[in-house]
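Spelled out, the chains give:
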Amino acid sequence: MPCNKNNNIAVTLWGPQADLITDDIPDNEAQPHIVIITATRVTMFKGNYQLNSIGGTKIYINLDIPEVEQFKRNMEDVPQQEIVRIEVNQPESLEEAMTKNRKTITELQQLYMEGEENENLKTTYTCVAQITFIHDQECGWMYTSCNNCKSRVDENQYCNKCQVVPEFPIDRYRLIATIDDGNATMTVGIFDKDVEKLIGKPITSMIKISEQENGAEKVSKELQQCIGKKCTLKLKVNNKGYIQ
Ligand SMILES: [Zn+2]
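Keep in mind that this is a model prediction, so the values were computed, not measured. (Residues numbered from 1 in each chain as written. Predicted model: local features only at pLDDT ≥ 70, side-chain atom pairs only at ≥ 80, totals over all residues.)

### A few points about the overall build of the chain
Assigned secondary structure in the chain consists of eight helices and ten strands. The buried share among the 244 residues of the chain stands at 13%. A sequence separation of at least 24 residues applies to 61% of the contacts in the chain between residues at least 6 apart. (Helix = DSSP H or I, 4+ residues; strand = E, 2+ residues; numbered from the N terminus. Buried ≥ 20, exposed ≤ 12 C-beta atoms within 10 Å, placed from the backbone. Contact = placed C-beta atoms within 7 Å.)

### Some points on the environment of Tyr143
With respect to the helices and strands, the residue Tyr143 is situated in strand S7 (residues 142-145). On the basis of neighbour count, Tyr143 is assigned to the partly exposed category, with 17 C-beta atoms found within 10 Å. The sequence separation of Tyr143 and Leu175 amounts to 32 residues, and the corresponding C-alpha distance is 9.7 Å. Every residue in contact with Tyr143, bar those within four places of it in the chain, is listed here: Arg152, Arg172 and Arg174.

### Structural notes on the sheet that holds strand S4 (residues 48-53)
Taken together, the three strands give an open sheet; going across it, the order is S1-S4-S3, and neighbouring strands pair in mixed fashion. Among the strands making up the open sheet, the edge pair consists of strand S1 (10-12) and strand S3 (40-45). Strand-to-strand, the axes of this sheet are offset by a mean angle of 30°, without reference to chain direction. Of the strand pairs in this sheet, S3 and S4 are connected by six bridges, and their pairing is antiparallel. Its bridge partner lying in S4, Arg41 is registered against Asn52. (Pairing = 2+ DSSP bridges. Axes fitted to C-alpha atoms, helices over the stretch in contact; angles between N-to-C directions.)

### A short note on the nonpolar core
Of all hydrophobic cores here, the largest spans 23 residues; its most connected members are Leu175, Ala177, Ile179, Val188, Leu223 and Cys226. Put simply, the parts of the chain that give this core at least two residues each are helix H4 (105-113), strand S6 (124-134), strand S8 (170-180), strand S9 (185-191), helix H6 (192-199), helix H8 (215-224) and strand S10 (230-236). Those residues in contact with Ile179 that sit more than four places away from it in its chain are Ala129, Gln130, Ile131, Thr132, Thr185, Met186, Val188 and Leu233. (Core = buried A, V, L, I, M, F, W, Y, C linked by C-beta atoms within 7 Å.)

### So, unusual backbone geometry
Glycine aside, negative phi is the norm for most residues, and most peptide bonds take the trans geometry. Its identity is not glycine, yet Asn101 carries a phi of approximately 50°, on the positive side. Considering the arrangement of structural elements, one finds Asn101 in the loop between helix H3 (94-99) and H4. Given 13 C-beta atoms within a 10 Å radius, Asn101 is considered partly exposed. A positive phi angle, near 65°, is found at Gln157, a position not held by glycine. Mapped onto the fold, Gln157 is located in the loop between S7 and S8. Residue Gln157 is classed as exposed on the basis of its C-beta count, with 12 C-beta atoms lying within 10 Å.

### A look at the environment of Thr178
Its place among the elements puts Thr178 in strand S8. A residue is classified by how many C-beta atoms lie within 10 Å of it, and Thr178, with 16 of them, is partly exposed. Along the backbone, Thr178 and Val188 are ten residues apart, and their C-alpha atoms lie at a distance of 6.3 Å. In contact with Thr178, other than residues within four places in its own chain, are Thr132, Phe133, Thr185 and Thr187.

### Section: the pairing of S3
Along any regular strand the residues' side chains alternate between the sheet's two faces. In terms of burial, S3 is a largely surface element, zero of the six residues being buried. Where S3 hands over to S4, the hairpin turn is made up of two residues, of which Lys46 adopts a positive phi near 50°.

### A closer look at the confidence of the model for the chain
Parts of the model with low pLDDT should not have their predicted coordinates read in detail. Taken over all residues, the pLDDT of the chain has a mean of 79, while the share at 70 or more is 78%. Looking across the chain, the model is least confident in helix H1 (residues 16-24), with a mean pLDDT of 60, and most confident in helix H7 (residues 203-211), with 95. The model gives residues 84-89 a pLDDT under 50, and that stretch makes one contact with residues more than four places away or in other chains. Confidence drops under a pLDDT of 50 for residues 239-244, and excluding neighbours within four residues, the segment shows 17 contacts in the predicted structure. (pLDDT = per-residue confidence, 0-100.)

This is the structure we're talking about:
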């Protein structure tokens, strides 16, 4: 297809093909780089065509052929754009996120015992276990947090971290639970949206329940629904005596 000047089209290169561009085009080189990209899949996004690389896509950079020289000459008066390299971290899929650094409870406890200097404490682990107990009677089930940093505000509604009384404090779930993977048990903190997913009720509904007659009892009953649920937990081993 013959193409006029100043036409442009977005091209997305996937996987190893994207690396070719960074490997073969030297940094800060003033000349335009002519890239020939073959065999792409054409898609449409918001009314514009796009090209996507596929397995068979070939990429030729600054190929020494007459067509490329001709094209370069045609492009002489077209303003050039520098090549900007953008580092994109491929967002991990949910499946990846939930199987990454899989540990048993015994292994996690081992890490915890190794102490807080251990570099591993910064890593996120996953663990599959069943919830066997909710410690809502001793530990409560929610806290009021600063809307800025999510830290718990104190009894005067003051956030010690931000050193302000937050304007819009937010109530969040915080359950202390015992989990069991068949070999060992551990106490963990489960927070916020994770609790909401387990119980199927947003915290606002739970607070309403707590304000009813026999509210505490009703809430406790709701929270018991977590018991027996098998879940994949993403955890960080911290130095506060439990793992969250
Ligand atoms: Zn704060």
